[in-house]
Amino acid sequence: MTPRDHRITLLGKPGCHLCDDARAIIQRVAEELGVPWEERDITADPQDQAEYGEMIPVVLIDGVQHDYWRVNEARLRDALTA
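Rules used in this analysis
- Residues numbered from 1 in each chain as written.
- Predicted model: local features only at pLDDT ≥ 70, side-chain atom pairs only at ≥ 80, totals over all residues.
- Heavy atoms only, no water.
- Salt bridge = Lys/Arg side-chain N within 4 Å of Asp/Glu carboxyl O.
- Helix = DSSP H or I, 4+ residues; strand = E, 2+ residues; numbered from the N terminus.
- Buried < 20%, exposed > 50% of the residue type's maximum accessible area, 1.4 Å probe, protein only.
- Core = buried A, V, L, I, M, F, W, Y, C linked by side-chain atoms within 4.5 Å.
- Contact = heavy atoms within 4.5 Å.
- Axes fitted to C-alpha atoms, helices over the stretch in contact; angles between N-to-C directions.
- Left-handed = near helix turned anticlockwise from the far one by under 90°.
- Nonpolar A, V, L, I, M, F, W, Y, C, P; charged D, E, K, R; others polar.

## Remarks on the pattern of salt bridges
Summed over all chains, the structure comprises 8 salt bridges. When the shortest N-O distance is used, the salt bridge between Arg7 and Glu38 registers 3.8 Å. You can see Arg7 sitting in the segment before strand S1 (8-12) and its partner Glu38 sitting in strand S2 (residues 37-41), a full 31 residues away along the chain. Note on Arg7: relative accessible area 35%, which makes it partly exposed. Two residues, Glu39 and Arg23, come together in a salt bridge whose shortest N-O distance is 2.7 Å. Note that Glu39 is positioned in strand S2 and Arg23 in helix H1 (residues 17-33), a separation of 16 residues in sequence. Salt bridges linked by common partners bring Arg28, Glu32, Glu73 and Arg77 together as one network.

## A look at the nonpolar core
Judged by nonpolar contacts, the single largest core of 14 residues is most densely connected at Ile8, Val59, Leu76 and Leu80. Of all the elements in the fold, those that place two or more residues in this core are S1, H1, strand S3 (58-61) and helix H3 (73-81). Among the elements that line this core, the one with the most residues is H1, at 6 residues. When neighbours within four sequence positions are excluded, Leu76 is seen to be in contact with Ile8, Ile25, Ile26, Val29, Val59, Ile61, His66 and Val71.

## Topic: the packing of H1 against H3
Orientation of H1 relative to H3, taken along the N-to-C sense of each, is 35 degrees, at an axis distance of 10 Å. As for how H1 packs across H3, the hand of that crossing is right-handed. Two secondary-structure elements touch here, H1 through Ile25, Ile26, Arg28, Val29, Glu32 and Leu33 and H3 through Glu73, Leu76, Arg77, Leu80 and Thr81. A breakdown of the residues in the contact of H1 with H3 according to their chemical character gives 6 nonpolar, 1 polar and 4 charged.

Spatial relationships are all this shows, so hold off on functional conclusions.
Below you can see the structure in the form of structure tokens.
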């Protein structure tokens, strides 16, 4: 599996400064490795709000939780290239 075969999802909400930090890291890594990514606002979905409300930002790789609160760039890169 190559990095391009993965998909990153950032779960956050408006006004979240940690989400802004996570977004910058994800954009950088995704662009460098050619990985598609998307962002989802948890306030738009009651299930996301209930599940992730106290953990944002949350990073999913291929739908599986990878990180929350703070995104470790090296750890994200390793998960996508392993």
